[in-house]
Amino acid sequence: MADKKIRILIAKPGLDGHDRGAKVIARTLRDAGYEVIYTGLRQSPEQIVAAAISEDVNAIGISVLSGAHGYLFPRIIELLKEQNASDILLFGGGIIPDDDIPGLKEAGVAEIFTPGAPLADITNFLRSRYAS
Amino acid sequence: MPHNTVDFQELLVRGQSGDKRAIGRMISHIETYGLTENLIMRQLWAHTGHAVIVGITGAPGAGKSTLTDKMVKYWISKGYRVGVIAVDPSSPFTGGAILGDRVRMNDLALIKEVYIRSMSTRGQLGGLSLACSGAVSILDACGYDIVLIETVGVGQSEVAIMNVADLVLVITVPGLGDEIQAIKAGVLEIGDVFAVNKKDLPGADRTSRELQMMLDMNPNMGERQPPVLMVSAEKNDGVGDLCDSIMENYGCMKESDELLTRRNRRLREELLAYMQDRVYRRVLAPVIEADSFDDNINGFLSHSRNPYAWAEEIVSQIEEKIK
Ligand SMILES: Nc1nc2c(ncn2[C@@H]2O[C@H](COP(=O)(O)OP(=O)(O)O)[C@@H](O)[C@H]2O)c(=O)[nH]1
Ligand SMILES: [Mg+2]
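Just so we're clear, the structure is a prediction, and the values are computed from it rather than from any experiment.

Conventions adopted
- Residues numbered from 1 in each chain as written.
- Chains lettered and ligands numbered in written order.
- Predicted model: local features only at pLDDT ≥ 70, side-chain atom pairs only at ≥ 80, totals over all residues.
- Heavy atoms only, no water.
- Donors = N, O, S within 2.8 Å, 3.2 Å for Na, K, Ca; no water.
- Helix = DSSP H or I, 4+ residues; strand = E, 2+ residues; numbered from the N terminus.
- Buried < 20%, exposed > 50% of the residue type's maximum accessible area, 1.4 Å probe, protein only.
- Near = heavy atom within 4 Å.
- Polar contact = N/O pair within 3.5 Å; in protein donor to acceptor, adjacent residues only side chain to side chain.
- Areas by Shrake-Rupley, 256 points an atom, 1.4 Å probe, with all protein chains shown as cover.
- Nonpolar A, V, L, I, M, F, W, Y, C, P; charged D, E, K, R; others polar.
- Contact = heavy atoms within 4.5 Å.
- Buried area = accessible area lost by both parts, 1.4 Å probe.
- Salt bridge = Lys/Arg side-chain N within 4 Å of Asp/Glu carboxyl O.
- Axes fitted to C-alpha atoms, helices over the stretch in contact; angles between N-to-C directions.
- Parallel < 35°, antiparallel > 145°, perpendicular 65-115°, else oblique.
- Domains from an automatic or database assignment.
- Pairing = 2+ DSSP bridges.
- pLDDT = per-residue confidence, 0-100.
- Patch = residues over 30% accessible without salt bridge, like charges linked within 9 Å, V, L, I, M, F, W, Y side chains within 5 Å.
- Right-handed = clockwise from strand over helix to strand, strands pointing away.

Engineer: A description of the coordination of the magnesium ion (ligand 2) should follow, citing residues and the corresponding values.
Structural biologist: Octahedral metals with six donors have ideal donor angles of 90 or 180 degrees. Tetrahedral metals with four donors have an ideal donor angle of 109.5 degrees. Residues and elements named next belong to chain B. Donor atoms from the polypeptide that bind the magnesium ion (ligand 2) are S65 (OG), D101 (OD) and E150 (OE), placed at 2.1 to 2.2 Å. Along the chain, the residues donating to the magnesium ion (ligand 2) are arranged with the sequence spacing S-x35-D-x48-E. Here S65 is found in helix α4 (residues 64-77), whereas its partner D101 is found in the loop between β3 (97-99) and β4 (114-120), with 36 residues between them in sequence. Given the relative accessible area of 7%, S65 is considered buried.

Shown next as structure tokens:
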């Protein structure tokens, strides 16, 4: 009877670029059986967190190409904390220098996937987090 | 089964004070466990019955989400609180889904008076319309004046979901060929208001005239004369008139008892489904799962006893008891 689906919000924040990467991730997750709430381009951290809360997602995945990762990730973590929603996991992908990754993880980002990473890494990561 | 330790009453109180996290939790709960766990509907009932429930259906790409965004903005400007349930199909193979309607509604995310929830069909249509009607009840109980349900108009499932609505807006667009292929059989009959979207594109007038003609000629329409309006969701043109027309229609339905008739039919169906589930779990399943059933089954399988005679006997006993 219980039909617990893992729900994941995918967004491409920032004003730059396209959402091809985010769409690829969305399709990969759908094919792995997840419910993906796809919110598209140009989201502010505030919009992302508000949508995540209304949609009651388990995790947020964002794609960042702009170099604004140093702001976007910590800001989302902060907003989640403010709204008592720190149980929502944040992961991300995009063009993020290796040197910046430890700092982001320290700030509370669960995982970062850089462009070279195979898509299976993302599904494996989620599977390990949500093994039922 | 991982049982629900959720305090639904507490979530409801939080939801009624505008806590969207609590609303999100309640909807997830009914999606996961159904409506009958925790006597949820019983707790909600006293708080429901106020919202105007509007279904929006039409072909993929017709502009339902874009229009929803604009309609919500219009109603918010009039002081209403609006809830949106956007339903998309899930993959029959993996059960996964991409729910993308929010892409057109991003401006709404931060508005306090709006709640938006994306739902997937999760493979089972009957289950979906129950979950959908549960979500509507939750939004109604949390004080949303209008609840919009967006769903793709392609089959039986949508007709079932539309049964959850008080009234249905059907959307079509120009440029789909000589006949209005977007309007499938059966969809004409469920529409209370029709909109030709993308009136900024060529052919909208003609589509509108053709649609009007199809409605006039349809023998199943009876006395009803549903309005046909032209809008452009993208250019935000005609949306206010459409919203007003929906509310006017709702007002007429209320006065003419049509609303009552529809809610009557809906409640009967919902109660029947609810009771089936409760009786199944509380009365029937225990009979089949009881130790004594093992004794019976050997007799059945060796054909020394008739299982159907036994089943009739059990049902008669139950019937006797509730007389
Ligand atoms: N030209 C024009 N395009 C529109 C209009 N409304 C929506 N669209 C476009 O139609 C496409 C599908 O819109 P969407 O709202 O996602 O449709 P849905 O699948 O019915 O929800 C998008 O590219 C919209 O920008 C309109 O009034 N005019
Ligand atoms: Mg849509």
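Engineer: Which residues make up the site of ligand 1, and what values do they have?
Structural biologist: Residues and elements named next belong to chain B. The immediate surroundings of ligand 1 are formed by 17 residues, with K64, T66, R104, D200 and E234 found nearest. Within the backbone of A233, an N or O atom sits 2.9 Å from an oxygen atom of ligand 1. Starting from 580 Å² of accessible surface for ligand 1 in isolation, the protein chains cover 80%. Looking at the shell around ligand 1 element by element, the count peaks at three residues for α4. Taken together, the residues that form the shell around ligand 1 break down as five nonpolar, six polar and six charged.

Engineer: Explain the side chain of D69 of chain B residue by residue, including any values.
Structural biologist: The residue D69 of chain B is located in helix α4 in this model. If we skip the residues at most four places from it in the chain, D69 of chain B touches R104, M105 and L108 of chain B.

Engineer: Can you tell me about the interface of chain B and chain A, naming the residues and giving the values?
Structural biologist: Listed as interface residues are 31 residues of chain B and, on the opposing side, 33 residues of chain A. Taking both partners together, chain B and chain A bury about 2,700 Å²; carbon and sulfur atoms supply 50% of that area. The largest contributions to the chain B side of the interface with chain A come from R21, I98 and R122 of chain B, which together make up 24% of the buried area. With a shortest N-O distance of 3.2 Å, R25 of chain B and D56 of chain A are connected by a salt bridge. Between the two partners, chain B and chain A, sit 21 residue pairs in polar contact (both at pLDDT 80 or more).

Engineer: Now, about the packing of α4 of chain B against helix α9 (residues 239-255) of chain B: what can you tell me, with residues and values included?
Structural biologist: All names here are of chain B. Contact pair α4 / α9: the axes reach a minimum separation of 9 Å and the direction vectors enclose 75°. By the criterion of interaxial angle, the relationship of α4 to α9 is roughly perpendicular. For the pair formed by α4 and α9, the contact residues are L67, K70, M71, Y74 and W75 on the first element and V239, G240, L242, C243, D244, I246 and M247 on the second. Classifying every residue of the contact of α4 with α9 gives nine nonpolar, one polar and two charged.

Engineer: Run through the domain arrangement of chain B, naming residues and quoting values.
Structural biologist: Note on interface size: it is often stated as the accessible area lost on association of the parts. Split by domain assignment, chain B resolves into domain 1 (48-256) and domain 2 (268-322). Centre-to-centre, using C-alpha coordinates, domain 1 of chain B lies 42 Å away from domain 2 of chain B.

Engineer: Go over the sheet that holds strand β4 (residues 89-94) of chain A, please, and point to the residues and values.
Structural biologist: Two orientations exist for strands paired in a sheet by backbone hydrogen bonds: parallel and antiparallel. Here we have six strands laid out as an open sheet, ordered β5(A)-β4(A)-β3(A)-β1(A)-β2(A)-β3(B), and parallel in their pairing. Each having just a single partner strand, β5 (111-113) of chain A together with β3 of chain B make up the two edges of the open sheet. On average, adjacent strands in this sheet sit at an angle of 25° to one another, irrespective of strand direction. As paired elements, strand β3 (residues 59-64) of chain A and β4 of chain A share six bridges and run parallel to each other. Paired with A59 of chain A across the two strands is L89 of chain A, which belongs to β4 of chain A. Lying on the sheet, helix α2 (residues 45-54) of chain A is in contact with β1 (7-13), β2 (35-43) and β3 of chain A; it crosses β1 of chain A at an angle near 165°. Its contacts with the sheet put helix α5 (residues 119-129) of chain A on β1, β4 and β5 of chain A, and the angle it makes with β4 of chain A is roughly 170°.

Engineer: Describe the confidence of the model for chain B, with residues and values.
Structural biologist: Taken over all residues, the pLDDT of chain B has a mean of 87, while the share at 70 or more is 90%. When mean pLDDT is compared element by element in chain B, α4 of chain B scores highest at 98, while helix α6 (residues 156-162) of chain B scores lowest at 67.

Engineer: Help me get a handle on a nonpolar patch on the surface, residues and values and all.
Structural biologist: Residue and element names in this part refer to chain B. A contiguous nonpolar patch, built from W45, L267, L271, M275, V279, Y280, V283 and L284 and spanning about 740 Å² of accessible area, is present on the exposed surface. Structurally, M275 can be placed in helix α10 (residues 258-289). Look at M275 and you get partly exposed, because its relative accessible area is 48%.

Engineer: Explain the pairing of β3 of chain A to me, and be specific about the residues and the numbers.
Structural biologist: All names here are of chain A. Burial within β3 is extensive, with six of its six residues counted as buried. As judged from the four bridges shared by β1 and β3, these two strands associate in the parallel manner. In the strand pairing of β3, A11 is matched with I62. Where the polypeptide runs from β3 across helix α3 (residues 69-82) and back to β4, its parallel neighbour, the crossover connection is right-handed.

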